[in-house]
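Understanding the architecture of this molecule
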Protein chains: 2
Amino acid sequence: MKVSFIGLGVMGFPMAGHLQSNGFDVCVYNRTTSKAESWQSQYGGRIATTPCAAAEGAELVFLCVGNDDDVRQVVYGESGILAGTSAGTLVVDHTTASAELARELAEACAAQQAGFLDAPVSGGQAGAENGQLTIMVGGEEADFARAQPVMDAYARHSQLIGGHGSGQLAKMMNQICIAGIVQGLAEALHFGEQAGLDCGTVIDVISKGAAQSWQMENRAATMIKGEYEFGFAVDWMRKDLAIALDEARKNGSTLALTALVDQYYADVQKSGGGRWDTSSLLTRLHQG
Amino acid sequence: MKVSFIGLGVMGFPMAGHLQSNGFDVCVYNRTTSKAESWQSQYGGRIATTPCAAAEGAELVFLCVGNDDDVRQVVYGESGILAGTSAGTLVVDHTTASAELARELAEACAAQQAGFLDAPVSGGQAGAENGQLTIMVGGEEADFARAQPVMDAYARHSQLIGGHGSGQLAKMMNQICIAGIVQGLAEALHFGEQAGLDCGTVIDVISKGAAQSWQMENRAATMIKGEYEFGFAVDWMRKDLAIALDEARKNGSTLALTALVDQYYADVQKSGGGRWDTSSLLTRLHQG
């Protein structure tokens, strides 16, 4: 089956690789050509010089780029994905973007008899590399049924949440939960340090009970050591929280904690931590 | 081995029961005598009419009461625990209380050649009933070695954290983590409801990734249904957060999220939810 993949960043590069390794005939496009060449030399497959050319003849077109604007740039225009799709093509957007964009793209695709799914992922770079991503999908059931077996190349779990946009909204719920968990964990470790506790021993104990979280199990040890040069970057988290806070304004929900954590991440960025993992919230507390 | 247990609340009642069922010769004291009688009719054992009388002849004296003041009331005075201890008695306080009280009690016990451990628990009423509590202990290693095999009657895991008071400080770290996790989860569910999502489906998916937490796995479903008549009460959580915030003032840590969540819990109390589970934070968001 011919598929294409647009955007070979830290996520897209290994995701497209899994598709090629799983027997799909993959054509990739990336803005910086050298990255596409490096992908081809690692996995084989084909390279296109425009999103349009990549999409031509593909049954499914995946994309995974930076933000709403980046998505629009590769989708629209004479060299965009939509210029290359045929009736029946299914476009699957793995970018974490707004629900509004998802609904807009679904309409634009429908106007060309193409299908669309918003399909943001969680699991980070490690999940993309190991093919263990979780995918939250918005769109129609028949389209999901077509995409799921292909996405299995890099997903541990994919789930249709509801109509167009609901994949993005589910991803926002994910990020809101993480904001609370990481800030709570950061305050606890800050408190423990100030109180002179052996925080590693405390975490060992409390991770067995009601304070347990994935973040505690996977990030507390590196937070205690002050290691942040890995994982999911603060810059990306701020992008995601901006989408969530913007959506909250529209749907009338009040997210006091999420807004506060977003401001703390702004402070981490200011102090040079934009590329650090989200667990670097603890450094904000060290600033006083 | 003769042991005594002071305080037969929702935690102490089953904890003392596990001791008796595990072959210890238990003497209990409770302020309201009828509860002690009900305990005896269920488990056997002995009843004392004062904490002092309960402590007499016991190798270990456990207590689990409400707050710092309640602890002082059963420990000091002519009918208090310390009036009944001998040289070598070990007093173990399972109350969640201040680290300052723990250090004060350690001194008062030492003045009578008795040992002391602060040993707050986590795991809630269900953990106490199933004998699956987690216990965070502050004190001396030799005292911990004496107490641990006895506490095994109701603990899945107990751990010495450090000197006197460090058990309480570890418990505060636990509660700070929970404050962040529950508020994040509440905001996510509030957001999802406002956005019209099937929140149960979203939780199923995101609980497989970096947003996972014990709270999500054990409380999201009841939060979605609006069920809060169980679990760990808001009134108790506020007591614990007050201890943490007070300690933070002393040790110079800044806990913005914890302070905010404490205020939200005050609103839940005002709306009549003092006995509701901590997951009832979501109702605060429904208030707008």
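Residues numbered from 1 in each chain as written. Chains lettered and ligands numbered in written order. Predicted model: local features only at pLDDT ≥ 70, side-chain atom pairs only at ≥ 80, totals over all residues. Heavy atoms only, no water.

1. Details of the overall build of chain A
Helices and strands together make up the secondary structure of chain A, namely 13 helices and nine strands. For 288 residues, the compact-globule estimate of 2.2 N^0.38 gives 19 Å, and chain A sits close to it at 20 Å. Its C-alpha atoms give chain A principal-axis dimensions of about 65 × 45 × 35 Å. By sequence separation, contacts in chain A at least 24 residues apart represent 65% of the contacts at least 6 residues apart. By element, 47% of the accessible surface of chain A is carried by carbon and sulfur atoms, the whole surface being about 10,500 Å². (Helix = DSSP H or I, 4+ residues; strand = E, 2+ residues; numbered from the N terminus. Rg over C-alpha atoms; globule rule 2.2 N^0.38 Å. Contact = heavy atoms within 4.5 Å. Areas by Shrake-Rupley, 256 points an atom, 1.4 Å probe, with all protein chains shown as cover.)

2. Observations regarding the packing of aromatic side chains
Applying the stated criterion to the full structure yields 10 aromatic pairs over all chains. Relative to Tyr 154 of chain B, the ring of Phe 62 of chain B lies with its centre 6.3 Å away and its plane at 80°, an arrangement referred to as edge-to-face. Residue Phe 62 of chain B is found in strand S4 (residues 60-63), and its partner Tyr 154 of chain B is found in the loop between helix H7 (141-151) and strand S9 (155-162); the two are separated by 92 residues along the sequence. For Phe 62 of chain B, a relative accessible area of 0% translates into the label buried. Aromatic rings pair up to connect Phe 5, Phe 62 and Tyr 154 of chain A into one cluster. (Phe/Tyr/Trp six-rings, centres within 6.5 Å; stacked < 30°, edge-to-face > 60°. Buried < 20%, exposed > 50% of the residue type's maximum accessible area, 1.4 Å probe, protein only.)

3. Topic: the pattern of salt bridges
Residue and element names in this part refer to chain A. Tallying each qualifying case throughout the model produces 24 salt bridges over all chains. We note a salt bridge from Arg 219 to Asp 277, for which the minimum N-O separation is 3.1 Å. With Arg 219 in helix H10 (residues 214-225) and Asp 277 in the loop between helix H12 (256-270) and helix H13 (281-286), the pair connects residues that are 58 residues apart, well separated along the chain. Per residue, the accessibility class of Arg 219 equals that of Asp 277, and both read buried. Salt bridges linked by common partners bring Glu 100, Asp 246, Arg 249 and Lys 250 together as one network. (Salt bridge = Lys/Arg side-chain N within 4 Å of Asp/Glu carboxyl O.)

4. Remarks on the relation of the copies chain B and chain A
Of the transformation placing chain B onto chain A, the axial shift is 0.0 Å and the rotation is 180°, giving an RMSD of 0.0 Å. The transformation just described matches what one would write down for a two-fold rotation axis. Both copies share a contact surface, since 100% of the interface residues of chain B are interface residues in chain A too. (Least-squares fit on C-alpha atoms with pLDDT ≥ 70 in both.)

5. Quick word on the UniProt feature "domain: 6-phosphogluconate dehydrogenase NADP-binding" (unreviewed entry) in chain A
Sites flagged by UniProt as "domain: 6-phosphogluconate dehydrogenase NADP-binding" (unreviewed entry) map to residues 2-161 of chain A. Helix makes up 40% of residues 2-161 of chain A and strand 24%, whereas the separation of the span's terminal C-alpha atoms amounts to 26 Å. (UniProt positions renumbered as here; feature names shortened; annotations may be inferred.)

6. Some points on the packing of H12 of chain A against helix H8 (residues 166-195) of chain B
At a minimum axis separation of 8 Å, H12 of chain A and H8 of chain B run at an interaxial angle of 115°. Taken together, the axes of H12 of chain A and H8 of chain B lie roughly perpendicular to each other. Seen from H12 of chain A, the contacting residues are Ala 256, Leu 257 and Thr 258 of chain A; seen from H8 of chain B, they are Gly 180, Gln 183, Gly 184 and Glu 187 of chain B. Its residues placed into classes, the contact of H12 of chain A with H8 of chain B shows two nonpolar, four polar and one charged. (Axes fitted to C-alpha atoms, helices over the stretch in contact; angles between N-to-C directions. Parallel < 35°, antiparallel > 145°, perpendicular 65-115°, else oblique. Nonpolar A, V, L, I, M, F, W, Y, C, P; charged D, E, K, R; others polar.)

7. Things to note about the pairing of strand S8 (residues 133-138) of chain B
Side-chain direction in a regular strand flips from residue to residue, so the side chains alternate between the two faces of the sheet. All names here are of chain B. In terms of burial, S8 is largely enclosed, as six of its six residues are buried. Pairing of strand S7 (residues 121-122) with S8 involves two bridges; the strand directions are antiparallel. The partner of Val 121 across the bridge, within S8, is Ile 135. Of the crossover connections in this fold, the one passing from S8 over H7 to the parallel S9 is right-handed. (Pairing = 2+ DSSP bridges. Right-handed = clockwise from strand over helix to strand, strands pointing away.)

8. Comments concerning the UniProt feature "active site" (unreviewed entry) in chain A
Residues and elements named next belong to chain A. Here the UniProt feature "active site" (unreviewed entry) sits at Lys 171. Considering the arrangement of structural elements, one finds Lys 171 in helix H8 (residues 166-194). Here Lys 171 falls in the buried class, since its relative accessible area comes to 6%. Only 2.7 Å separates the side chain of Lys 171 from the side chain of Thr 96, close enough to count as a polar contact. (Polar contact = N/O pair within 3.5 Å; in protein donor to acceptor, adjacent residues only side chain to side chain.)

9. Some points on the environment of Ile 47 of chain A
Residue and element names in this part refer to chain A. Position of Ile 47 among the secondary structure elements: in strand S3 (residues 46-47). On the accessibility criterion, Ile 47 (27% relative accessible area) is partly exposed. With sequence-adjacent residues up to four places away left out, Ile 47 is seen in contact with Cys 27, Val 28, Ala 36, Glu 37 and Gln 40.

10. Some details on the domain arrangement of chain A
Residues and elements named next belong to chain A. Domain boundaries assigned for chain A yield domain 1 (2-162) and domain 2 (169-286). Its C-alpha centre places domain 1 at a distance of 29 Å from the equivalent point of domain 2. Each partner contributes residues to the interface: domain 1 has 13 residues there, and domain 2 has 11 residues. Note on domain 1 versus domain 2: buried area summed over both sides is about 910 Å², and carbon and sulfur give 61% of it. Three residues, Thr 96, Ala 99 and Met 136, lead the burial of domain 1 against domain 2; their summed loss comes to 41% of the area buried on that side. One can count one salt bridge joining domain 1 with domain 2. When the shortest N-O distance is used, the salt bridge between Glu 100 and Lys 250 registers 2.6 Å. Mapped onto the side of domain 1 that touches domain 2, the elements with two or more residues apiece are helix H5 (99-110) and strand S7 (121-122). The biggest single contributor to the side of domain 1 that touches domain 2 is H5, with three residues. Its residues assigned to classes, the side of domain 1 that touches domain 2 comprises six nonpolar, five polar and two charged. (Domains from an automatic or database assignment. Buried area = accessible area lost by both parts, 1.4 Å probe.)

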